[in-house]
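Results of the structural survey
Given next are the chains, with one letter for each unit.
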Amino acid sequence: MVNATKGLFISCDIPMAQFIVNLNATMPASQKFIIRVLDSTHLFVQPNVADMIKNAIADFREQNSYEKPT
Amino acid sequence: MGHGEKGRPSKSMKPSSKDDYRNAIPEDEEATYGEEIEDDYHDGEGKKKDFSKLELKPDHANRPLWACADGRIFLETFSPLYKQAYDFLIAIAEPVCRPESMHEYNLTPHSLYAAVSVGLETETIITVLSKLSKTKLPKEMIDFIHASTANYGKVKLVLKKNRYFIESPFPEVLKKLLRDEVISRARITSEAAGAEGFTVGKAMGEVVSGHNELLNEAQLAAAAEEKETHSFEIDPVQVENVKQRCLPNALNYPMMEEYDFRNDTVNPDLEVELKPHAQPRPYQEKSLSKMFGNGRARSGIIVLPCGAGKSLVGVSAACRIRKSCLCLATNAVSVDQWAFQFKLWSTIRDEQICRFTSDSKERFRGNAGVVVTTYNMVAFGGKRSEESEKIIEEIRNREWGLLLMDEVHVVPAHMFRKVISLTKSHCKLGLTATLVREDERITDLNFLIGPKLYEANWLDLVKGGFIANVQCAEVWCPMTKEFFAEYLKKENSKKKQALYVMNPNKFRACEFLIRFHEQQRGDKIIVFADNLFALTEYAMKLRKPMIYGATSHIERTKILEAFKTSRDVNTIFLSKVGDNSIDIPEANVIIQISSHAGSRRQEAQRLGRILRAKGKPQDRMAGGKEEYNAFFYSLVSTDTQEMYYSTKRQQFLIDQGYSFKVITSLPPPDSGGDLSFHHLDEQLALLGKVLSAGDDMVGLEQLEEDADDIALHKARRSLGSMSAMSGANGMVYMEYSTGKKPMGQGKPKPKDPSKRHYLFKKRYG
Amino acid sequence: MPQVRIIARNFMDMVAALPAMKLDHLYQNAFICEAILRSLPPLAKKYVIQMCYIEETIPSKSLEEWVLPDGLSKHRVAIDRLLQLRIFSESFDRSTGTSYRLNPTFQENLQKLITYGAVLPREPMPSSVTARLPSLQELENYAMQKWECFLLQLINSAQAEKMTNISPSMMRIFQRGLLTQRDKEAPRLTESGFQFLLMDTNAQLWYIIREYISNSEEIGVDPADLISFMLELSFHETGQAYNMNTLDEIQRSTIKDLADLGLVKLQQGRKESWFIPTKLATNLSVSLTDSSSRKEGYVMVETNFRLYAYSTSKLHSEILRLFSRVEYQLPNLLVGAITKESLYNAFENGITSEQIISFLQQNAHPRIAERTPSVPENVMDQIRLWETDLNRIEMTPAHFYDEFPSRDVFEAACDFARESGGLLWEDSKKMRLVVNTEVHLQMREHLRRQK
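Residues numbered from 1 in each chain as written. Chains lettered and ligands numbered in written order. Predicted model: local features only at pLDDT ≥ 70, side-chain atom pairs only at ≥ 80, totals over all residues.

**Comments concerning the sheet that holds strand S19 (residues 452–455) of chain B**
All names here are of chain B. Where we set the bar: When DSSP finds two or more bridges between two strands, those strands count as paired. Segments assigned H or I by DSSP are reported as helices when at least four residues long, segments assigned E as strands when at least two residues long, and all are numbered from the N terminus. Only the contacting stretch of a helix is used when fitting its axis, a line to C-alpha atoms as for every element, and angles between N-to-C directions run 0 to 180 degrees.
Pairing within the open sheet is parallel, and its seven strands lie in the order S15-S16-S14-S17-S18-S13-S19. On the outer flanks of this sheet lie strand S15 (353–356) and S19, each paired with one strand and no other. Strand-to-strand twist in this sheet, taken as the mean axis angle between neighbours without regard to direction, amounts to 20°. Inspection of the sheet shows strand S13 (residues 300–303) paired to S19 by three bridges, in the parallel sense. Residue pairing in the sheet places Ile302 in a bridge with Tyr454 of S19.

Pasting the structure below:
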């Protein structure tokens, strides 16, 4: 019987996919959100983690960017 | 005041008491000086400064600058008055940024101190600034200039017969100084003291220079032919402390140090002059004119971009003063070069100049001469050989006419203080390409050496064809999946740098660039890496020579010679040693594969390696054959901390007007097997090597002298691990499935690269 | 620059959408014909002029011969446009195939235009009545001031603290797309609103006029009349006074609204009152396809991302604040910086990097406008790169399907999903796929039916 799982489909580049995989790995077991790693540029995750992922990416990006102080 | 709706006094503009003044450091960008308009509903954004109520003059279009009450000055470079305005502004203000069309400067007490030191009077400053300004000068600025400069020029530091005196026509000022603890402790009381304990004497007659209204003598000392001066003596060892106490951020009576070399009958002359073929360029002349403006020699710092010819400036200064000169360089190679430069540009004879390094212990013959040595040799505190000891004694005991200091931005402050306290000199000239230091001890240089005398504009020098027009580029190298996965892992935090430096995509980009420039253009390439692990891996894999800290002097010379002359050696790899004065005039491409912790000075200095202008001037102009004939690549792994550091490092160059083009398509996607690390197993093998190398092995090369390095590295210094020897030869089992492919059987033979289009082909027209 | 063409085309679309009779009626006005002719794509213009004195039908094949093979797509666009505007009528004959004929009314007026020029329905008033008219410069200043004021109202009404007095008709126009309208909340600029602010003045004008006409349509005014009047207005002479009594009631009310925008200036004499068209009005017809801005540029961007704007206008300050951080305001200069933060702010409001770059290029200060590129390359590149950085991941609510009993079922499901436009990902080896949640229910139905 065909199985259907509800979630969030993520399409991105290789480094971002890797980042999300790593993010998942650092989560405690109860909060792991990756349902399936589809391939190197696509992931299938829990439906409610969109904001969490977006924020994590934004923070990561902040860390890697230098803004000249005013 | 024009727009005083809120009537809030600007903090730094009223030094009513010395405490107020000390608290209000104008460089502090937190303070807001401008008024916010009442209906400005963008309060949340913070410091927008509204100076819109300033009165524009009717002919404002003809005037080149705006001056704001908070000290900020904007200068239009396309104004017909640009040249004069630039020379004036660089003398009175600190440059903030100087790109092509609009410059920004900051007026600070320090910059005004520098202005007065080169002979600008308060009223002149205000008049000229007013003339050049599009608006009526804000009252705050006028007050600020008055307040800042009120005390300048009242106190002088004089060296007479190996003794130091503080001199002033105003005994009250001296008394004030002596109320300071540091100064009073430094004082040496003499028996011949007058009523108030001061020695009273006569000032020497002043030399009036006629040619330029902007170059008058220090305001107060000039008045009478022979003025009475009061003075007291201080302990030579305490001199810099005393000078520091007098700076604008403390007592605010900064001391003038001028050397009247023409009338110095005590110290023997050095018979030397510039050779006829030594033709100083306009900016070199200008910098010297600031130093010798009134016929005396002023101490201070001259800032010129690397490759712009600071040696000629140094040698010229020595030739004008014509007294014994002590020249300090950062390392032995540099010593050789300075000696060479002296002989090249001046009539100095071999017996008048000598070098003092661990290898050469020469002495000059006669009463006067030039000694070239390193900071280290002079500051060294340990036991010396007998011969060295004698030479040091002589250096210490001689009253030097000129102390010529090279690369003052590199030397750690403590070494400076030592050198300066151990030697006595009438005039100190510091040469540097950048006034930027990460340890923020620039103010130290102000009292240790003197104020900034002149700073050349990089872009102007490029336009004039004096330094090369460099195309700067940041090459973005995406991390490979496996490298990035490891980079993200918490347990690899110490290896982060190694991982982003050894990113195979970065390697490929580097390899591609080297090949392109060597084969398509016949360029000479230097690759910088301050990560030794990376340096070694790259150099060995690409089979290029490398120089690092431990490379012997002989080996270095051999490699550099080959690089200069041989057609087969076109690329060399340098560690941080390459940053200091190793002179490689013929390189025109630089590739940075490891950006160490964001040192802006280092970035500028590396760029300097290729700034020496080559080729015919007309070719180098815009539109000429070789508009860009020098290339500076910074290879950066994306999505890593390297991006942060790279941007930070570039700030200085960006402020000088350089722009970094971002290249995202190197190497070309179809390069495939042409370049190394194309196959996954090669990449994984490399990854294994990186991960298993000891933490201390994959860190930065530590060279003692680099103060910037120490300052930036403090937080990041890792405690070296003693283990890390297991499996260090790269044969480590990694838990990646590499599929069924057999281990690579050696690299496929690289094909000749097909015609690649010129990387920086113009996009337009 | 695509933006303007879209807007202008929208206006023309409005024209083209008029019912046939109305359109034909419009073509009785020579000025309208001229304006519409100007708005056509270049090829279409050429065809019309070429066919101007030809009374018969021309087979489409002949027309096609006029074009080189790689111009065929442009040819189709031109023909479509002409048909849409009913300038060309199409006929089909078994033997000769499709052929076209120029609209007779249009043609007649075009010929008259060429031969005699056109006469406006109203003459300028004699100076004896109008006394001193404003000079062209004064008029221009007036127009710019009014227009800026209008735009500022738009921005201010999005800032709750500043309640200004906007005419209700203007407010309605704003709320048609530029401002959100939610009952309990303060109005806010929409994505279109932000983009609108960065557009070229002519593009902005056309947008407002189009909205104005649509608005009027909703209250019962015939759009054809308004369109006709607008186009006619653009052929008046700048600076001349035209008597208000030559206008009908609707036109008079329109003129009053247009005065708020700065398109005309209203003046009152002792007995008469008149309107004076400004450049904003007379530029309208020219700008139907002409996208170049004739304003003088004022913005300079440096390689270090600092921004200098030679302007004192509050409007300019507000516009620059959309994507940069303004730091200093001097009597004739605004100083700011384009930072990642200020750009992200803009991106989050719906402004794109291309719009920002376009804006900077179009408004480049004359000093640097001759440089190519007028905006430093590294700044443009970096703005685009920052934008890309924001869009690196795409997230779609979806369903994951696996454990298909057979390959056939799997492939059928794939096809179904694909045809419904909801297939996001598939792995045929492992027989798995991901479908958009919107399509999921249908998918489920499909699978049930399979059994």
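**Concerning the interface of chain C and chain A**
Put simply, the rule is: Contacts here follow a simple rule: the backbone-placed C-beta atoms of the two residues must lie within 7 Å. Residue polarity is assigned by list, with Asp, Glu, Lys and Arg as charged and Ala, Val, Leu, Ile, Met, Phe, Trp, Tyr, Cys and Pro as nonpolar; anything else, Gly included, falls into the polar class.
Each partner contributes to the interface: chain C provides 21 residues, whereas chain A provides 25 residues. Elements that contribute at least two residues to the side of chain C that touches chain A include exactly helix H17 (340–348), strand S11 (394–402) and strand S12 (423–427) of chain C. Ranked by residue count, the leading element in the side of chain C that touches chain A is S11(C), at nine residues. Class assignment of the residues belonging to the side of chain C that touches chain A gives a composition of 11 nonpolar, three polar and seven charged. Summarising the sheet, strand S1 (residues 3–11) of chain A and S11(C) pair through nine bridges and their orientation is antiparallel. Looking at S11(C), one finds that Phe9(A) is bridged to Thr396(C).

**Overview of the UniProt feature "domain: Transcription factor Tfb2 C-terminal" (unreviewed entry) in chain C**
Test applied: UniProt positions are given in the numbering used here, feature names are shortened, and annotations may be inferred rather than shown by experiment.
Those residues carrying the UniProt feature "domain: Transcription factor Tfb2 C-terminal" (unreviewed entry) are residues 381–448 of chain C in this numbering. Summarising residues 381–448 of chain C: 51% helix, 28% strand, and an end-to-end C-alpha distance of 51 Å.

**So, the confidence of the model for chain C**
All names here are of chain C. Keep this limit in mind: Known as pLDDT, the predictor's confidence for each residue is given on a scale from 0 to 100.
The pLDDT averaged across chain C works out to 82; a share of 91% of its residues lies at or above 70. Long-range and interchain partners of residues 1–9, a stretch whose pLDDT sits below 50, account for 16 contacts in this model, where long-range means more than four residues apart. In the predicted assembly, ipTM is 0.92 and pTM is 0.75.

**Brief notes about the interface of chain B and chain C**
Each partner contributes to the interface: chain B provides 28 residues, whereas chain C provides 29 residues. Ranked by residue count, the leading element in the side of chain B that touches chain C is strand S26 (residues 660–663) of chain B, at three residues. Classifying every residue of the side of chain B that touches chain C gives 15 nonpolar, six polar and seven charged. In this structure, strand S1 (residues 49–50) of chain B lies alongside strand S9 (residues 325–330) of chain C, joined through two bridges in parallel fashion.

**Considerations on the domain arrangement of chain B**
One frequently used descriptor of interface size is the decrease in accessible area upon assembly of the parts. What counts, and what does not: For the domain bounds, the source is a domain assignment made automatically or taken from a database.
What the domain assignment lists for chain B is domain 1 (60–150), domain 2 (154–190 + 227–256), domain 3 (282–462) and domain 4 (468–698). Relative placement of domain 1 of chain B and domain 2 of chain B: their C-alpha centres are 30 Å apart.

**Concerning the confidence of the model for chain B**
Residues and elements named next belong to chain B. Averaged over chain B, the pLDDT score is 76; the fraction of residues at 70 or greater is 75%. The lowest-confidence element of chain B is helix H1 (residues 18–23), averaging 34 in pLDDT; the highest-confidence one is strand S3 (residues 72–76), averaging 95. Counted against residues more than four places away or in other chains, residues 204–226, with its pLDDT under 50, gives 38 contacts. Throughout residues 713–759 the model reports pLDDT below 50, and contacts reaching past four residues in sequence, or to other chains, amount to 44 contacts.

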